[in-house]
Amino acid sequence: MALWLVVAAVLGIGENVPELSLDGPRILNIKAGAAAKGARKLAEFRARLEGEVSSPASYYCLTEEWDWDDGSVSLAEPDCDPYEPGDEVTREFQESHYFGPGQYIITLRLLDGDEVAAKAVHELRVYGSALLQ
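Residues numbered from 1 in each chain as written. Predicted model: local features only at pLDDT ≥ 70, side-chain atom pairs only at ≥ 80, totals over all residues. Heavy atoms only, no water.

Quick look at unusual backbone geometry now. Unlike most non-glycine residues, C61 shows phi in positive territory, near 65 degrees. Examined against the element boundaries, C61 turns out to sit in the loop between β3 (41-50) and β4 (63-67). Overall, the relative accessible area of 23% leaves C61 in the partly exposed class. Of note, D69 is a non-glycine position whose phi angle comes to about 65 degrees, a positive value. Among the secondary structure elements, D69 is positioned in the loop between β4 and β5 (73-76). (Helix = DSSP H or I, 4+ residues; strand = E, 2+ residues; numbered from the N terminus. Buried < 20%, exposed > 50% of the residue type's maximum accessible area, 1.4 Å probe, protein only.)

As structure tokens, then:
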């Protein structure tokens, strides 16, 4: 029994770890004429941290790191007061980005300092004249 408790503690078994879900468009279309001129399409993404949090201080005031898979990364660093018991954990995140034709894997990481507290990925395809031929 004691060995199981040690293994559970090391693996985090029994802790309430929330799951991060990421929603957004799966397919976007850019009109052929606009795509030929280098037009880009705006996509909006929403993420939600779901489930119970056993250690709210670890999920309070997280930095959002959005990797757009096009060579750019967006960071949103919140300006929060120090954590106090009873403070609410932010559970909803939103960001938008312009994409040209191509296939992308968008990754959202929620960071507590240098540690990844939660991560989610979402695949997006953007069609334009170059991809429709």
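Below, the discussion takes up the state of the cysteines. Counting across every chain of the model gives 1 disulfide. C61 shares a disulfide with C80; S-S distance 2.0 Å. Looking along the S-S bond of the C61-C80 disulfide, the torsion reads about 95 degrees, which is the right-handed sense. Separated by 19 residues along the polypeptide, C61 in the loop between β3 and β4 and C80 in the loop between β5 and β6 (92-99) bring together distant segments of the chain. By relative accessible area, which is 32% here, C80 ends up partly exposed. (Disulfide = S-S within 2.5 Å.)

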